[in-house]
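Topology and contacts: notes
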Amino acid sequence: MAKVKVYGPAFSTAVSRVLACLIEKEVEFQLIPINLSKAQHKSSGFLKLQPFGQVPVFQDESITLFESRAICRYICDKYATKGKMGLMGNTEGGLIHRASIDQWLETESQSFNPPTSTLVAQLVFYPQMKLKQDAAAIRDAERKLKKVLDVYDHRLSESRFLAGEEFSLADLSHLPNAQYLLNSTDRSHLFTSKKNVGRWWEEISGRASWKKVLEMH
Ligand SMILES: N[C@@H](CCC(=O)N[C@@H](CS)C(=O)NCC(=O)O)C(=O)O
C-alpha cells in the first residue's frame, strides 16, 4: 500500500495533530516539508491543494484533504482496524460514545483552540519572528482559557479522559497547543494548577505516539 502524504512542517500545531493520529493508527506516512518562512504554502502549486494557503494538506490514494481535525476523523474511519482502536469510538460504546467524542472534539476546536492558538502565536512564535506582542490579546486569551479549563477540570473529575475512560481523538486533538503552552511558555500553571487537568495532561502527553511527534519537531 502506498504511504499517505502529509505536507507541512512537524512543528506546526495542525500538522502535528495529524502526525499524532497517524502514529496512533500505525499508518505509514511520508512528511513532505513545506517551508513557511519561505511562503511555500502561498505558492500557486500549493494553493491548488489548499486554497487558504495553510498546512497541513493530506493525501491518501485519490483524496486530498485539508483541516487537521477532518483529516484525523478520516484517518480513524479509513484505518479503523489498524493501530489504536476506538479513537472515534467503537461498536460497544456505540452512537452515544461517538457523540461524546465529537462533542469534546468540537469543544477543542471551538472553545480551547481560539485562546490557546492566540497564546501560542503571541508567546511562542511572535518573539521568534520579532513581532510585537499584543498584551490585551494575551490577557483576553488567558481569561478565556481559564474558564475553559475550569470546565475541563470538572469534567475530568468525573472521567479519566474527556469522552470517557478511553483515550480518544478528542484528547489527542489538544496535544499540540497544550504542548507549546506547557513547555515553551511560562503559562504551564494554567494547566498544572488544576488537579484533574494536570493529571490528564501527564497521561496524554506521555503517550509514545506524541513523544515520536515531538522528536520530529
Ligand atoms: N484549522 C486549520 C488551521 C491550519 C493552520 O492554521 N495552519 C497554520 C500552521 S499551524 C498555517 O498554515 N499558518 C500559516 C498561514 O496561515 O499563513 C487546521 O486545523 O488544519
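Small disclaimer: the values here were computed from a predicted structure and weren't measured.

Each value, and the rule that gives it
- Residues numbered from 1 in each chain as written.
- Predicted model: local features only at pLDDT ≥ 70, side-chain atom pairs only at ≥ 80, totals over all residues.
- Heavy atoms only, no water.
- Helix = DSSP H or I, 4+ residues; strand = E, 2+ residues; numbered from the N terminus.
- Rg over C-alpha atoms; globule rule 2.2 N^0.38 Å.
- Buried < 20%, exposed > 50% of the residue type's maximum accessible area, 1.4 Å probe, protein only.
- Contact = heavy atoms within 4.5 Å.
- Areas by Shrake-Rupley, 256 points an atom, 1.4 Å probe, with all protein chains shown as cover.
- Axes fitted to C-alpha atoms, helices over the stretch in contact; angles between N-to-C directions.
- Parallel < 35°, antiparallel > 145°, perpendicular 65-115°, else oblique.
- Nonpolar A, V, L, I, M, F, W, Y, C, P; charged D, E, K, R; others polar.
- Salt bridge = Lys/Arg side-chain N within 4 Å of Asp/Glu carboxyl O.
- Core = buried A, V, L, I, M, F, W, Y, C linked by side-chain atoms within 4.5 Å.
- Domains from an automatic or database assignment.
- Near = heavy atom within 4 Å.
- Polar contact = N/O pair within 3.5 Å; in protein donor to acceptor, adjacent residues only side chain to side chain.
- 1 Å grid on protein atoms, 1.4 Å probe; cavity = no way out; pocket = protein on both sides within 12 Å on 5 of 7 lines; lining within 4 Å.
- Sits in = over half its atoms within 2 Å of the grid points.

**A word on the overall build of the protein**
A tally of helices and strands in the protein yields ten helices and four strands. Seen in sequence order, the protein has helices and strands lined up from the N terminus as β-α-β-α-β-β-α-α-α-α-α-α-α-α. The C-alpha radius of gyration computed for the protein amounts to 17 Å, which stays within 12% of the reference 17 Å derived for 217 residues, consistent with globular compactness. Across the 217 residues of the protein, 50% fall into the buried class. If you take every contact in the protein between residues at least 6 apart in sequence, the share linking residues at least 24 apart comes to 64%. Total accessible area on the protein is roughly 11000 Å²; 53% of this is exposed by carbon and sulfur atoms.

**Describing the packing of helix H5 (residues 135–158) against helix H9 (residues 195–205)**
Interaxial distance between H5 and H9 falls to 7 Å at its minimum, and their mutual angle equals 75°. Judged on the interaxial angle alone, H9 and H5 are roughly perpendicular. In this structure, H5 uses Leu149, Tyr152, Asp153, Leu156 and Ser157 to contact H9, whose residues at the interface are Lys195, Asn196, Val197, Arg199 and Trp200. Partitioning the contact of H5 with H9 into residue classes produces five nonpolar, two polar and three charged.

**Regarding the pattern of salt bridges**
For the coordinates displayed, the defined rule picks out 16 salt bridges. Residue Arg17 pairs with Glu108 through a salt bridge whose shortest N-O separation is 3.4 Å. Taken as a pair, Arg17 in helix H1 (residues 13–24) and Glu108 in helix H4 (residues 94–128) lie far apart in primary sequence, 91 residues in all. Each of the two residues, Arg17 as well as Glu108, counts as buried. Where Glu24 meets Arg207, a salt bridge forms, and the shortest distance between an N and an O atom there is 2.6 Å.

**Section: the nonpolar core**
In terms of nonpolar packing, the biggest core is built from 63 residues, with Leu22, Phe58, Ile75, Tyr152, Leu169 and Phe191 touching the most fellow members. When residues of this core are assigned to their parent elements, the largest contribution, eight residues, is made by H4. Inspection of this core shows a minimum of three residues originating in each of domain 1 (4–78) and domain 2 (94–212). When near neighbours in sequence (up to four residues on either side) are disregarded, Phe191 contacts Phe112, Leu145, Leu149, Ala178, Leu181, Leu182, Val197 and Gly198.

**Remarks on the site of the ligand**
The ligand sits among Ser12, Thr13, Ala14, His41, Lys42, Gly53, Gln54, Val55, Pro56, Glu67, Ser68 and Arg69. The side chain of Gln54 places a nitrogen or oxygen atom 2.9 Å from an oxygen atom of the ligand. With respect to the ligand, the side chain of Arg69 contributes an N or O atom lying 3.4 Å from an oxygen atom. According to the grid-proximity analysis, the pocket containing the ligand is the largest pocket. Every element with two or more residues in the shell around the ligand is listed here: H1 and helix H3 (68–78). Partitioning the shell around the ligand into residue classes produces three nonpolar, six polar and three charged.

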